[in-house]
Amino acid sequence: MSRTKLESLGLRLPVLPTSTVGSFPKPDYLIEARARATRNAITRPELDRLERQATEFWVRIQEELGLDVLVDGEQYRGDMVAYFAETMPGFARGGLVRSYGNRYYHKPVMVGPVRWPGPMTVDWWRWTQSLTTRPVKGMLTGPYTLMDWSFDDYYPDRKTACLALAREVRKEVEALLEAGVRIIQIDEPALSVRPDELGFAIDAMHLVVDGLPAYSVVHACFGAFETIYPGLLSLPVDNLDLAISHSALDLLAMFEKDPFTKDLSLGVLDVHSHSVETVEDVRARIRRGTAVLPADRIWVDPDCGLKTRTVEESRAKLGAMMVAVKAARAELG
Amino acid sequence: MELILASAGSYPRIGDTPDTQRHRRAYAQNERGEISDVEWRAVEDEVAQQVVREQAAVGLDVVTDGQVRWYDPISHLARHCEGIQINGLLRYFDTNFYFRQPVVSGRIRRRESVLRREFEVARAATDRVVKPVLSGPYSLACGSILEGGYRNRRELARAYAEVLAQEVADLVHAGAALIQVDEPYLLRHPEHAEVVHEGLVTLAAARGRAHLALYTYFGDALPLWDAIMAMPVDLVGLDLTYGLKLADRIAEAGAPRTLVLGLVDGRNTKLETRDGLFRILDRVLPRLRGPVGLGPSCGLELLPRARARAKLENMVAIARAHDGHEGRPQ
């Protein structure tokens, strides 16, 4: 693990540090309030108060569970791309597009040069960090995913759009670091969608993080990673957070062939399943990780954000994960 | 050369204005038990016919029902089979669209005819050619979780092909003259081209006098050019939005099959320019014999409805301008 880097940032973490990917389910009162907000039936300050209440709720749960690095739970975000697109000039709200079944969303459209409007997540990070003595990650969506999950009516091609977004995303990263963030997570779930574009996705990540004093993580999930491995290792970050729990378990076989050179956040909880993993399930997944990588380079977390699970499922899944991690730590001595 | 303007399959089922959201409202009402399944089906029929008429009004020669009844491209047919249960959501390629994975636990058998009625409802709405669409056996196998009944994906694809051949026979019996088979997973797994070929042989045996069209999309078909051109189909629909090399290949050597050129980007809202399409058409068309199709690179459901329509209108205008341009002395 980049222990030296973490320690130089003042972070002393146990073996197999635990964290989560970012989002947690919104409590019912917040879901209802957000629906009322779309009808202008609730004021912005009132919604803000409820979002803070929900954020604190999740901070306390993370502390109770014993997680090492906390997240703000993204209670203020509707969607990981829409939140930024709704804030950044250059994006417009697009028409309705179906995501599945009878679910539709407004897919953003780039209609002009995209600009950083000033801090977008910094106040949330600062407030969340004020609630706990444990470190809180800074988290934002990466340029490749912002580009891929938006329509583009402005830029001449996908690469130009991605690199333009990267320059703006970097400004948010810099603002987070200035506020005190020491671990920064860039979410890039779209990273593996077009293997031939990995080169410029990596160029974009250089623009986002090069030269910045932070422990950096790229979170990617639910992709065909075999198509971008080992090229993925050229991402200029300290840690790759990959979905390992379910179909991607074969990744570990790939690591045996092409050694994994970074720290690994090992996703051990299937966030798309209602069923709660047993402690033994999670221990087995951790063992698969420790079989191919030294334990001091492994973090443990869920495959992805838990926002699609219920509050109870999320607590139970994380509870199983924490028991398994403690057992694994004991096993490792 | 006159271009035949063809839909590539799906079409947005709702728009952004309240009057275009009947499908969404009725779906929710049916889920809440406020309207019966019969009433819900009537709304689906109405929306399908509306989509057919919209494509015809725009000027397409070949239309579809927009697949407006399909939950997704993988589970729609699978959910009508014995031996299959429908599972959780999985991202569909690199889209922000999710499909439900069929879980195959035993031998599969079609419980009922699925597409024939959908085709008949669509055909009643227009005098244009209505093209039924089905996901191909290989793509269904790739999108499924195999837990039992078959030893591997190839065997499962064979089983799906048998089911789909029954659908093809039903469609032919109902009067379908052109049937589209989508195999997008082929581009992800070029090593399995022979499995796709084998599945299409099974479907071709059931097609009677109807024409079969193979559509691939979400990737560059150039590496599979020879294999695709050797498939037992009458037409091939190609996604030409993943780089220019595929168009270069056609411009250099033509094609042994009737092509439908997917030059209208079904993944992005930006409208194609007349110059951009002319540049490709002017190079490619002289090398092609017989009729040539022009259409979106993939189904348009990934776009907002208004933009999908605008894309088609733009394509029709450009195609008509090109027809006139070709006819003029240079």
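Criteria and cut-off values
- Residues numbered from 1 in each chain as written.
- Chains lettered and ligands numbered in written order.
- Predicted model: local features only at pLDDT ≥ 70, side-chain atom pairs only at ≥ 80, totals over all residues.
- Helix = DSSP H or I, 4+ residues; strand = E, 2+ residues; numbered from the N terminus.
- Rg over C-alpha atoms; globule rule 2.2 N^0.38 Å.
- Buried ≥ 20, exposed ≤ 12 C-beta atoms within 10 Å, placed from the backbone.
- Contact = placed C-beta atoms within 7 Å.
- Axes fitted to C-alpha atoms, helices over the stretch in contact; angles between N-to-C directions.
- Parallel < 35°, antiparallel > 145°, perpendicular 65-115°, else oblique.
- Left-handed = near helix turned anticlockwise from the far one by under 90°.
- Nonpolar A, V, L, I, M, F, W, Y, C, P; charged D, E, K, R; others polar.
- Core = buried A, V, L, I, M, F, W, Y, C linked by C-beta atoms within 7 Å.
- Pairing = 2+ DSSP bridges.
- pLDDT = per-residue confidence, 0-100.
- Right-handed = clockwise from strand over helix to strand, strands pointing away.
- Expected span 1.5 Å × (residues − 1).
- Arc of directions from axis to C-beta.

Caption draft 1: Fine view of the overall build of chain B. Of the regular secondary structure elements, chain B holds twelve helices and twelve strands. In terms of overall size, chain B behaves like a compact globule, its C-alpha atoms giving a radius of gyration of 19 Å where 330 residues would be expected to give roughly 20 Å. Principal-axis analysis of the C-alpha atoms places the extent of chain B at approximately 60 × 45 × 35 Å. Buried residues in chain B amount to 48% of all 330 residues.

Caption draft 2: Spotlight on the overall build of chain A. Along its length, chain A carries eleven helices and eleven strands. The C-alpha radius of gyration of chain A comes to 19 Å, within 12% of the 20 Å expected for a compact globule of 333 residues. The buried share among the 333 residues of chain A stands at 50%. Restricting to contacts in chain A with at least 6 residues of sequence separation, those with at least 24 account for 78%.

Caption draft 3: Expanded view of the packing of helix α10 (residues 279-292) of chain A against helix α11 (residues 311-332) of chain A. Residues and elements named next belong to chain A. Between α10 and α11, the shortest axis-to-axis distance is 8 Å and the interhelical angle comes to 55 degrees. The pairing of α10 with α11 is recorded here as oblique in orientation. For the element pair α10 and α11, the recorded crossing hand is right-handed. Across from Val279, Val282, Arg283 and Ile286 in α10, the residues of α11 making contact are Ala320, Met321, Val323, Ala324, Ala327 and Ala328. Among the residues making up the contact of α10 with α11, the classes are represented as nine nonpolar, no polar and one charged.

Caption draft 4: Highlighting the nonpolar core. Of all hydrophobic cores here, the largest spans 96 residues; its most connected members are B:Tyr160, B:Val181, B:Leu203, B:Ala213, B:Leu214 and B:Leu261. Broken down by element, this core gets its largest block of residues, ten residues, from helix α6 (residues 153-173) of chain B. Leave out the neighbours within four places in its chain, and B:Leu261 touches B:Leu238, B:Leu240, B:Val284, B:Val292, B:Gly293 and B:Leu294. A:Leu70, A:Val217, A:Val237 and A:Val325 belong to the second largest nonpolar core, which has 93 residues in total.

Caption draft 5: Representation of the interface of chain B and chain A within the structure. Taken together, the contacts link 24 residues of chain B with 23 residues of chain A. Sorting the residues of the side of chain B that touches chain A by element identifies α1 (22-31), β3 (81-91) and α12 (305-327) of chain B as the ones contributing at least two each. Here the side of chain B that touches chain A is composed, by residue class, of eleven nonpolar, four polar and nine charged.

Caption draft 6: Representation of the packing of α1(B) against helix α2 (residues 37-58) of chain B. All names here are of chain B. Packing of α1 against α2 brings their axes to within 10 Å, and their N-to-C directions diverge by 165 degrees. As summarised for this structure, α1 and α2 are arranged roughly antiparallel, according to the angle between their axes. As for how α1 packs across α2, the hand of that crossing is left-handed. Together, Arg22, His23, Ala26 and Asn30 of α1 and Asp37, Trp40, Val43 and Val47 of α2 make up the contact between the two elements. Split by residue class, the contact of α1 with α2 holds four nonpolar, two polar and two charged.

Caption draft 7: Inspection of the sheet that holds strand β9 (residues 239-243) of chain A at higher detail. Residue and element names in this part refer to chain A. Pairing within the open sheet is parallel, and its six strands lie in the order β5-β7-β8-β9-β10-β11. In the strand order of this sheet, the two ends are held by β5 (138-141) and β11 (298-301), each with one partner. Across the sheet, the mean angle from the axis of one strand to that of its neighbour is 20 degrees, orientation sign disregarded.

Caption draft 8: Focus on the sheet that holds β3(B). Residues and elements named next belong to chain B. Taken in spatial order, the three strands of this open sheet run β3-β4-β7, and their pairing is mixed. Unpaired on one side and paired on the other, β3 and β7 (145-146) mark the two borders of the sheet. Alignment of strand β4 (residues 98-110) against β7, held across two bridges, turns out to be parallel. Note on β7: the bridge partner recorded for valine 103 is isoleucine 145. Across the sheet, α6 is in contact with β3, β4 and β7; its angle to β4 comes to roughly 85 degrees.

Caption draft 9: Representation of the environment of B:His211 in the model. Residues and elements named next belong to chain B. Positionally, histidine 211 belongs in strand β9 (residues 211-215). For histidine 211, a count of 15 C-beta atoms within 10 Å corresponds to the partly exposed category. Histidine 211 sits 38 residues away from histidine 173 along the chain, and the two C-alpha atoms are 13 Å apart. Once you skip the residues sitting within four places of it in the chain, histidine 211 turns out to touch Ala177, Leu178, Asp234 and Leu235.

Caption draft 10: Up close: unusual backbone geometry. Across the junction of A:Tyr229 and A:Pro230, the peptide omega takes the value 10 degrees, indicating a cis bond. Structurally, A:Pro230 is set in the loop between β8 (215-220) and β9. Of note, the phi angle at B:Phe93 is positive, near 50 degrees, even though the residue is not glycine. Among the structural elements, B:Phe93 can be located in the loop between β3 and β4. Exposure remark for B:Phe93: the 19 C-beta atoms within 10 Å place this residue in the partly exposed category.

Caption draft 11: Focus on the environment of B:Tyr242. Residues and elements named next belong to chain B. Looking at where tyrosine 242 falls in the secondary structure, it is placed in the loop between β10 (235-239) and α10 (245-253). Overall, tyrosine 242 belongs to the buried group, with 21 C-beta atoms counted inside 10 Å. Other than its neighbours up to four places away in sequence, tyrosine 242 contacts Gly219 and Asp220.

Caption draft 12: Focus on the confidence of the model for chain B. Averaged over every residue, the pLDDT of chain B is 95; residues scoring 70 or more account for 98%. Scoring of the predicted complex yields 0.90 for pTM and 0.93 for ipTM.

Caption draft 13: Region of interest: the pairing of β11(A). All names here are of chain A. The alternating pattern of β11 places Ile298 and Val300 and Trp299 and Asp301 on opposite faces, both of which are buried. Where strand β10 (residues 263-267) and β11 come together, four bridges link them in parallel fashion. The residue bridging glycine 267 from the neighbouring strand is aspartate 301, located in β11. One crossover worth recording links β10 to the parallel β11 by way of α10, and it is right-handed.

Caption draft 14: Local environment of α11(A). Residue and element names in this part refer to chain A. Spanning 22 residues, α11 covers 31 Å between terminal C-alpha atoms, matching the ideal 32 Å at 1.5 Å per step. Every buried residue of α11 is accounted for by Ser314, Lys317, Leu318, Ala320, Met321, Ala324, Val325 and Ala328. The arc that holds the buried residues of α11, viewed along the axis, is 155 degrees, so those residues lie on one side. Along α11, exposed side chains directed more than 90 degrees from the buried face belong to Glu312 and Ala330. Where α11 terminates, the next one or two residues include glycine 333, which has phi positive at roughly 75 degrees.

Caption draft 15: Spatial organisation of the pairing of strand β7 (residues 183-187) of chain A. Residues and elements named next belong to chain A. In terms of burial, β7 is largely enclosed, as five of its five residues are buried. Burial along β7 is two-sided: the residues Ile183, Gln185 and Asp187 and Ile184 and Ile186 are all buried. One ladder, built from four bridges, connects β5 with β7; its direction is parallel. By the bridge assignment, glycine 138 is partnered in β7 with isoleucine 184. Here β7 pairs with β8 via five bridges, running parallel. By the bridge assignment for β8, isoleucine 184 is matched with serine 216. Assessed by its sense of winding, the connection that carries the chain from β7 through helix α8 (residues 198-209) to β8 is right-handed.

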